[in-house]
Amino acid sequence: MTGTRIAALGHYQPAKVLTNDDLAAMVDTSDEWITSRVGIRTRHVSGPDEPVDELAAYAGAKAIAAAGLAPADIDMVLVATSTAIDRSPNTAARVAARLSMGSPAVMDLNVVCAGFTHALATADHAVRAGSATKVLVIGADSMSGVADWTDRTTCVLVGDGAGAAVVVATEEGEEPGIGPVLWGSVPEMGHAVRIEGTPPVFAQEGQSVYRWATTQLPPIARRVCERAGIAPEELAAVVLHQANLRIIEPVAQKIGAVNAVIARDVVESGNTSAASIPMALSKLVARGEVASGAPALLFGFGGNLSYAGQIIRCP
């Protein structure tokens, strides 16, 4: 078995920005109420002519170009999303068509906010097993399309966007750049985060999610580090699902990553579900806040009370 690494990253967000003051004109809320409870100041939202596969394709194209590859080089496309409107063609197939790929395997994964880290692990496994060589992994969601814009407890959270990574095999003798995944769920608590109904609407039990995330997830994240042979204090970056600043900061502190840059993209992007981790990581790398080869913890959690995490080496 060979190892794998992330060759390059890319991200994309719609142009329209919705501020807290904009939301205050729509529902009973305020900038102070939102920032004090969730830490979000702005979020990007899609227009009616910007489907989630378009966001995914833009991010994917950037990652492919940054890797020095052509779309035809990709032989597998994995898209983590829970907000695709249509069942078939799936989002991955539509991305492949938009980018004029050859004949890649195309699969969607719906693990909501933990979708990208599940998809990244799946890509790692596929390349290690020899069933793929170059995998485009995308997290993309249009949460604004499933928001209840009359519910101030949830509509203030959501944003839209996409982040992408190209996963390739490591060279002989090269250290693996994607560590072993640790994943799981709490199925009996699946009701805590929901996108249900016709049309589908996002809802959650905020206090249940907060208690679960801040108490149960830090020891799991430390086990992710153990599996990779990395001590928390050796981490250069911690990129958690960008759910809520009041969750991100205490969880990161409890992990013990005292020397790490903590991704806080939620402040300007809101909760973008499966897009949040790759988008935040791509921005950290693009800004030069983490060095190439530096170890970073990626840890997704949320819908289904699912979680998945791995240590990666930054491209």
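What you are looking at is a predicted structure, and each value in this text was computed from that prediction instead of being measured.

Observations concerning the overall build of the protein chain
Next up, step 1: Summing up its helical and strand segments, the protein chain has 10 helices and 14 strands in all.
Next up, step 2: In terms of overall dimensions, the protein chain has a C-alpha envelope of 60 × 45 × 40 Å along the principal axes.
Next up, step 3: The proportion of buried residues among the 315 residues of the protein chain is 56%.
Next up, step 4: One finds the centroid of the 23 positive side-chain charges in the protein chain at a distance of 4 Å from the centroid of its 32 negative side-chain charges.

Overview of the environment of Ala 97
Next up, step 1: Here Ala 97 shows up in helix 4 (residues 91-98).
Next up, step 2: Separated by 40 residues in sequence, Ala 97 and Ala 57 place their C-alpha atoms 9.2 Å apart.

Side note on the packing of helix 7 (residues 206-228) against helix 8 (residues 245-255)
Next up, step 1: Running from N to C, helix 7 and helix 8 cross one another at 30°; their axes reach a closest spacing of 9 Å. Pair helix 7 / helix 8 crosses with right-handed handedness. Contacts between helix 7 and helix 8 involve Tyr 210, Ala 213, Thr 214, Pro 218, Ala 221 and Arg 222 from the former and Arg 246, Ile 247, Pro 250, Val 251, Lys 254 and Ile 255 from the latter.
Next up, step 2: Residue composition of the contact of helix 7 with helix 8, by class: eight nonpolar, one polar and three charged.

Examining the nonpolar core
Next up, step 1: Counting 49 residues, the largest nonpolar core has Leu 235, Leu 240, Leu 297, Phe 299 and Phe 301 as the members making the most contacts within it.
Next up, step 2: Residue assignment for this core shows that the elements contributing at least two residues are helix 2 (31-37), helix 7, strand 11 (237-240), helix 8, strand 13 (295-302) and strand 14 (306-313).
Next up, step 3: The greatest single-element share of this core, amounting to eight residues, is contributed by helix 7.
Next up, step 4: The residues contacting Leu 297, other than those within four sequence positions of it, are Ala 221, Val 224, Leu 235, Ala 237, Val 238, Val 239, Ile 255, Gln 310 and Ile 311.
Next up, step 5: Residues Ala 123, Val 127, Val 290 and Ile 312 belong to the second largest nonpolar core, which totals 31 residues.

Let's talk about the sheet that holds strand 8 (residues 182-185)
Next up, step 1: The mixed open sheet is built from five strands, whose spatial order is 8-14-13-11-12. Two strands in the sheet have a free side with no partner beyond their single neighbour: strand 8 and strand 12 (261-262).
Next up, step 2: The pairing of strand 11 with strand 13 spans four bridges and is classified as parallel. Within strand 13, the position partnered with Val 239 by the bridge is Leu 298.
Next up, step 3: Here helix 5 (residues 115-129) sits on the sheet and contacts strand 8, strand 13 and strand 14; the angle it forms with strand 14, its principal contact strand, is near 55°.
Next up, step 4: Strands strand 11, strand 12, strand 13 and strand 14 of the sheet are contacted by helix 10 (residues 276-286), whose axis makes an angle of about 150° with strand 11.

A short note on helix 5
Next up, step 1: Look at helix 5: 21 Å from first C-alpha to last across 15 residues, which is about the 21 Å you get at 1.5 Å a residue.
Next up, step 2: In terms of burial, helix 5 is largely enclosed, as 11 of its 15 residues are buried.
Next up, step 3: Of the positions making up helix 5, those classed as buried are Gly 115, Phe 116, Thr 117, His 118, Ala 119, Leu 120, Ala 121, Ala 123, Asp 124, Ala 126 and Val 127.
Next up, step 4: Phi turns positive one or two residues past the end of helix 5, at Gly 130, with a value near 85°.

Considering the packing of aromatic side chains
Two aromatic rings are characterised by how far apart their centres lie and by the angle between their planes.
Next up, step 1: Under the defined criterion, the tally for this structure stands at four aromatic pairs.
Next up, step 2: Measuring from ring centre to ring centre gives 6.5 Å for Trp 212 and Phe 301, while their planes differ by 65°; the resulting arrangement is edge-to-face. Highlighted residues: Trp 212 in helix 7 and Phe 301 in strand 13, separated in sequence by 89 residues.
Next up, step 3: Using a relative accessible area of 11% as the deciding quantity, one classes Trp 212 as buried.

With respect to the pairing of strand 4 (residues 76-80)
Next up, step 1: A large share of strand 4 lies buried, amounting to five of its five residues.
Next up, step 2: Judged by which residues are buried, strand 4 turns out to be covered on both faces: Met 76, Leu 78 and Ala 80 on one side and Val 77 and Val 79 on the other are all buried.
Next up, step 3: Judged from the five bridges that link them, strand 4 and strand 5 (residues 105-109) form a sheet pairing that is parallel. The partner of Val 79 across the bridge, within strand 5, is Asp 108.
Next up, step 4: With helix 4 bridging strand 4 and its parallel neighbour strand 5, the resulting β-α-β unit is right-handed.
Next up, step 5: Sheet topology places strand 4 next to strand 6 (residues 134-142); five bridges connect them, and they run parallel.

Considering the sheet that holds strand 7 (residues 160-169)
Next up, step 1: Ordered by their spatial adjacency, five strands build an open sheet running 1-7-6-4-5, and the pairing between neighbours is mixed. Each edge of the sheet is formed by a strand with only one pairing partner; in this case those strands are strand 1 (4-12) and strand 5. Between one strand axis and the next, the sheet turns through 20° on average, direction left out of account.
Next up, step 2: Relative to strand 7, strand 6 runs antiparallel, the two being bridged by nine bridges. In the sheet register, Val 137 faces strand 7, and the bridge partner there is Ala 165.
Next up, step 3: In this fold helix 5 packs onto strand 1, strand 4, strand 5, strand 6 and strand 7, with an angle of close to 170° to the strand it touches most, strand 6.

Reading guide: rules and limits
- Each chain carries its own residue numbering, running from 1 in the written order of its sequence.
- Whole-chain, interface and lining totals are the exception, using all residues; otherwise, since this is a predicted model, local features are given only for residues with pLDDT of at least 70 and side-chain atom pairs are given and counted only at 80 or more.
- With hydrogens and water excluded, all non-hydrogen atoms of the structure serve as input to the side-chain values.
- Secondary structure elements follow DSSP: runs of H or I of four or more residues count as helices, runs of E of two or more count as strands, with numbering from the N terminus.
- The cut-offs for exposure are 20% and 50% of the maximum accessible area for each residue type, with area from a 1.4 Å probe on protein chains only; residues under the lower value are buried, those over the upper are exposed, and the others partly exposed.
- Note on charges: Lys and Arg go in the positive column, Asp and Glu in the negative column, and His and the chain ends are not counted at all.
- Where a charge lies is defined by one atom per residue type, namely NZ (Lys), CZ (Arg), CG (Asp) and CD (Glu).
- All axes here are fitted lines through C-alpha atoms, helices being fitted over the stretch that makes contact, and every angle between N-to-C directions spans 0 to 180 degrees.
- A clockwise turn of the near helix away from the far one marks a right-handed crossing, whereas an anticlockwise turn of less than a right angle marks a left-handed crossing.
- Note on definitions: a residue-residue contact is assigned when non-hydrogen atoms from the two residues lie within 4.5 Å.
- Residues were grouped as follows: Ala, Val, Leu, Ile, Met, Phe, Trp, Tyr, Cys and Pro as nonpolar; Asp, Glu, Lys and Arg as charged; and all remaining residues, including Gly, as polar.
- We call a set of buried residues a nonpolar core when its members are Ala, Val, Leu, Ile, Met, Phe, Trp, Tyr or Cys and they connect through side-chain atoms within 4.5 Å of each other.
- Any two strands with at least two DSSP-identified bridges between them are counted as paired.
- Between the first and last residue of a helix there are one fewer steps than residues, each counted as 1.5 Å, and that sum is the expected span.
- Under the pairing criterion, centres of Phe, Tyr and Trp rings, with the six-membered ring standing for Trp, must be within 6.5 Å; the plane angle then separates stacked pairs below 30 degrees from edge-to-face pairs above 60, leaving the rest tilted.
- Orient the strands so they point away from the viewer; a crossover is then right-handed if the path from the first strand over the helix to the second runs clockwise.

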